[in-house]
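Letter by letter, the chains look like this.
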Amino acid sequence: MAPARLNGGMSVTPAPQPRLVLQPAATGQRRSALMVGESAQVLKRFHFLERELVRMAAGWLPGTTDWETKLLLPEVLWQDALVARSLRERVLELRYPERRIAIDQDAALVGLYANCLHAPSDLAFVMGLARAVKPHLRGLLADYLKLADALDDAPSVHLLEHALVDLDRQLARLEAVTTEFATRRPELVASAERWNAGVTAALAGATAERVFAATLPEFAAFDPSAAGGRTFAISRTGQRDARFTRVRFAWPDRHTPQPPGAGVQLQVRQAIHHLNEVWAAEMAGACLYDLLEQAPHDFLEDAARWCFDEIRHCRMGYERLKQWGFSEAEMPLDAFSYDSGQHADAIVRLGVIFYFETTYIHTKPERAKIFGAEGDRLSSHDMDFDWADELIHSHYGKKWLTHFLAQAGIQRTPIEIKQQAEAGVLTFQQSATTEDKAATQAIFDRMMSKARQRLESAA
Ligand SMILES: [Fe+2]
Ligand SMILES: [Fe+2]
């Protein structure tokens, strides 16, 4: 230290001497491992990784054939979207009053996850999620929790501890789905395992130490094609599991408007329609995938919730049909509502789902009452909760159509887009051939015969 010295006759204040301060050694050092800026930086990277997981699962949904995988992906992506939202809010708290959150130089890290889109099959995609990507993310979150201070950074700790609970459940369910899928489709296993090994190797370089660094290091490039991957393109037709009866129109009223029927016919019809709402989950997923990059942050949350709700409606019908004794082979699946948007643009596809939401919403409370009055408590319960969801979805449709139309500078209203979407749906319905109608009628006759037999045997 330079000594105090005279300077032109004026005295100069000596530089401060280092002082002794209390240092509660081990605990204090562990608690203070990450300062606010460092925490915000890591949490921001987690946000973008979670967001990418949502986008990838949404993109794969229509092209996924495996039924159990198709039912699980929307739930997983919805949970990931909730975590992404919480992380975003936490980053903004830590950076207050700054409101900007952008991927910037973290794009290379997120790109490591985004490469997983290019899986060679739906089995490879879900296997990569179950055995490579999700375990990798789990490791990062757990390592952050080892460094985070449960006192000073308590909100982050709380949110990540809960994210880990979701993640552990997801891992167990994804593994179960992957194992069963691999057993059913052994011809896909070798390429899926090769893919999974490639993804695992690519992520091995993204250790917590490197991901938490102030400046991200270069990550080794991952070439999906070297692991047998294919450049991803979202499927514009809804893929269906071969264990079901696959038809162009699952019930007669789906190609020709007609009264819904009553009694047991209405019960079965409603279950078939619920089952076939798988298309709506696919359409919400496709809209999420197509429009996410140009959308404000709350689109992720809304579209993910929309996608999950629709697969819940599908599961409502699936569960009821199973309870009534129908096997998968007896259940008809179509895809015409999703497929009717295959040649449209993303805004019109959003219009297709908006058209169905707003056109049939009145049937939900009506049928909740009818089924309740006839003693079918479960169908009534499903319709009641379905209606609660659909009221939110109508809001989503109007809100996001209005937003994307304005963003694109298109001088049209959501209602006009809905009319265009309706015209596309009607054209598709009018394409029903005599053979299509006969196939649908055969399903109708078979299902109604079985349902009536079941009623008679129960009487
Ligand atoms: Fe629905
Ligand atoms: Fe809906």
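Residues numbered from 1 in each chain as written. Chains lettered and ligands numbered in written order. Predicted model: local features only at pLDDT ≥ 70, side-chain atom pairs only at ≥ 80, totals over all residues.

*Asks:* Any chance you could break down the overall build of the protein for me, citing the residues and the numbers?
*Replies:* Helix and strand counts for the protein stand at 17 helices and 4 strands. C-alpha extents for the protein along the principal axes are approximately 110 × 50 × 45 Å. Put simply, the protein has 459 residues, and 43% of those count as buried. (Helix = DSSP H or I, 4+ residues; strand = E, 2+ residues; numbered from the N terminus. Buried ≥ 20, exposed ≤ 12 C-beta atoms within 10 Å, placed from the backbone.)

*Asks:* How would you explain the confidence of the model for the protein if you had to name every residue and give the values?
*Replies:* Should pLDDT be low for a region, the predicted coordinates there are not to be read in detail. Taken as a whole, the protein shows an average pLDDT of 93; of its residues, 95% reach a score of 70 or greater. Contacts for the low-pLDDT stretch residues 1–12, under 50 throughout, to residues beyond four places or in other chains number 5 contacts. (pLDDT = per-residue confidence, 0-100. Contact = placed C-beta atoms within 7 Å.)

*Asks:* Which residues make up unusual backbone geometry, and what values do they have?
*Replies:* Following Tyr96, the chain continues to Pro97 via a peptide bond in cis, the omega torsion being 10°. Assignment of secondary structure puts Pro97 in the loop between helix 3 (67–94) and helix 4 (107–114).

*Asks:* Describe the domain arrangement of the protein, and please don't skip the residues or the numbers.
*Replies:* According to the domain assignment, the protein consists of domain 1 (34–227) and domain 2 (245–458). Each partner contributes residues to the interface: domain 1 has 17 residues there, and domain 2 has 18 residues. Listing elements by their share of the side of domain 1 that touches domain 2, those giving two or more residues are helix 2 (36–60) and helix 3. Top contributing element to the side of domain 1 that touches domain 2 by residue count: helix 3, with 10 residues. (Domains from an automatic or database assignment.)

*Asks:* Describe the environment of Leu160, naming the residues involved and giving the relevant values.
*Replies:* Looking at the element boundaries, Leu160 is found in helix 6 (residues 154–184). Taking the C-alpha atoms as reference, Leu160 lies 9.3 Å from Ser86; in sequence the two are 74 residues apart. Ignoring sequence-local partners within four residues, the contact set of Leu160 consists of Leu141, Tyr144 and Leu145.

*Asks:* Got a sec to walk through the nonpolar core? Specific residues and values, please.
*Replies:* By size, the foremost hydrophobic cluster in this structure holds 111 residues, and its most contacted members are Ala57, Leu77, Ala284, Ala304 and Cys307. Structurally, this core is a two-domain feature, drawing no fewer than three residues from each of domain 1 (34–227) and domain 2 (245–458). With near-sequence residues (within four places) excluded, Ala284 lies in contact with Ala303, Trp306, Cys307, Glu310 and Ile353. (Core = buried A, V, L, I, M, F, W, Y, C linked by C-beta atoms within 7 Å.)

*Asks:* Could you give an account of the packing of helix 2 against helix 5 (residues 122–147), naming the residues involved and the relevant values?
*Replies:* For the pair helix 2 and helix 5, interaxial distance at closest approach is 12 Å and the crossing angle is 165°. Taken together, the axes of helix 2 and helix 5 are roughly antiparallel relative to one another. By crossing handedness, the relation of helix 2 to helix 5 is classed as left-handed. Contacts from Val42, Phe46, Leu49 and Trp60 in helix 2 reach Asp122, Phe125, Leu137, Leu140, Leu141 and Tyr144 in helix 5. In terms of residue class, the contact of helix 2 with helix 5 is made up of 9 nonpolar, no polar and 1 charged. (Axes fitted to C-alpha atoms, helices over the stretch in contact; angles between N-to-C directions. Parallel < 35°, antiparallel > 145°, perpendicular 65-115°, else oblique. Left-handed = near helix turned anticlockwise from the far one by under 90°. Nonpolar A, V, L, I, M, F, W, Y, C, P; charged D, E, K, R; others polar.)

*Asks:* Explain the environment of Arg367 to me, and be specific about the residues and the numbers.
*Replies:* Within the element layout of this structure, Arg367 appears in helix 14 (residues 363–373). When the 24 C-beta atoms within 10 Å are taken as the criterion, Arg367 is described as buried. On a C-alpha basis, the gap between Arg367 and Tyr144 in space is 49 Å, while along the polypeptide they are 223 residues apart. Setting aside residues no more than four positions away along its own chain, Arg367 makes contact with Gln270 and Met383.

*Asks:* Describe helix 4, with residues and values.
*Replies:* Buried within helix 4 we find Leu109, Leu112 and Tyr113. Down the axis of helix 4, the buried set is contained in an arc of 95°. They therefore lie on one face. Looking at the buried side of helix 4, the elements it contacts are helix 2, helix 5, helix 7 (189–204) and helix 8 (208–211). (Arc of directions from axis to C-beta.)

*Asks:* Account for the environment of Ser449, naming residues and giving values.
*Replies:* Tracing the chain through its elements places Ser449 in helix 17 (residues 434–458). Residue classification places Ser449 among the exposed positions, given that 10 C-beta atoms sit within 10 Å. Separated by 101 residues in sequence, Ser449 and Val348 place their C-alpha atoms 39 Å apart.

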